[in-house]
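Each chain is listed here by its residues.
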Amino acid sequence: MKMSRLRFNFGFLLEADFGTIRLIELDYPTIKLSEDVTLTPLTGSFTATRTTEGIYIQGQLQSALSMECVRCLEETIVPVDISLDELFYYPPHNAPPGEPFVGEDGMIDLGPLVRELSLLGVPIKVLCRPDCLGLCQECGANLNYGDCDCVEEEIDPRLATLQQLLNQEERR
Ligand SMILES: [Zn+2]
Ligand SMILES: [Zn+2]
């Protein structure tokens, strides 16, 4: 398994009385969670509470993802808020299928959870700005930087018919 920098050793908390709470603050200038997700930055805090079932993680993280605008394809910074609210079962064999658990070594890897939640916070259509003009269909120029030199050559078929009629009129 690949090591993530969001792995925390909660061995001490597993030893503690039920109800014991620890506050953990995060302040990463940048953190790569997977090949496709790098968070820049990742800040915030969460509490880890020893419960009878394991360790309960709750908190708020703030981050941003670099994505491509769907219209103009420019890199765009998308802010994301991440709400942590998850029970990690301990011992691991008590976890229902698909539920996260604390490792036998007392480690919790928040990487996969934070990655999933950050992607959920990204809109389906990322736009660099609400009124992004996108790219010219002909030359691919980014129209946010100004008009390109392409001339609209398509003539509305209805207008084309009218033009024919006008031409006939002139010939009479
Ligand atoms: Zn755009
Ligand atoms: Zn163009």
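Scoring rules and cut-offs
Residues numbered from 1 in each chain as written. Chains lettered and ligands numbered in written order. Predicted model: local features only at pLDDT ≥ 70, side-chain atom pairs only at ≥ 80, totals over all residues. Helix = DSSP H or I, 4+ residues; strand = E, 2+ residues; numbered from the N terminus. Buried ≥ 20, exposed ≤ 12 C-beta atoms within 10 Å, placed from the backbone. Contact = placed C-beta atoms within 7 Å. Core = buried A, V, L, I, M, F, W, Y, C linked by C-beta atoms within 7 Å.

Chemist: Looking at this structure, I do not really get the overall build of the protein. What am I missing?
Modeler: Along its length, the protein carries 3 helices and 7 strands. For the protein, the sequential pattern of α-helices and β-strands runs β-α-β-β-β-β-β-β-α-α. In the protein, which comprises 172 residues, the proportion classed as buried is 13%.

Chemist: Please explain the environment of L42 as it appears in this structure.
Modeler: Looking at the element boundaries, L42 is found in strand β4 (residues 38-50). Ignoring sequence-local partners within four residues, the contact set of L42 consists of L26, Y28, I31, L61 and S63.

Chemist: What exactly am I supposed to notice about the environment of L127 here?
Modeler: For L127, the position within the fold is in the loop between α2 (111-120) and α3 (157-171). Exposure remark for L127: the 16 C-beta atoms within 10 Å place this residue in the partly exposed category. Each C-alpha atom, one on L127 and one on V78, is 9.0 Å from the other, the two residues being 49 residues apart in sequence. When neighbours within four sequence positions are excluded, L127 is seen to be in contact with C69, V70, R71 and C132.

Chemist: Looking at this structure, I do not really get the nonpolar core. What am I missing?
Modeler: The nonpolar side chains of soluble globular proteins are, as a tendency, buried together. Formed by 17 residues in total, the largest nonpolar core has its most connected members in F10, A48, I55, F88, V102 and I108. Going through the elements one at a time, β4, β5 (54-68) and β6 (75-89) are the ones with two or more residues in this core. The element that contributes the greatest number of residues to this core is β4, accounting for 4 residues. The contact partners of F88, leaving out residues within four places of it in the chain, are G54, I55, I57, P100, F101, V102 and I108.

Chemist: Quick question: what am I supposed to make of unusual backbone geometry here?
Modeler: Peptide bonds are, in most cases, trans, and in most cases residues other than glycine have a negative phi. Put simply, T40 and P41 share a cis peptide bond, and its omega is -5°. Checked against the element boundaries, P41 lands in strand β4. Along the chain, Y90 connects to P91 via a cis peptide bond; the corresponding omega equals -5°. Locating P91 in the fold gives a position in the loop between β6 and β7 (107-109).

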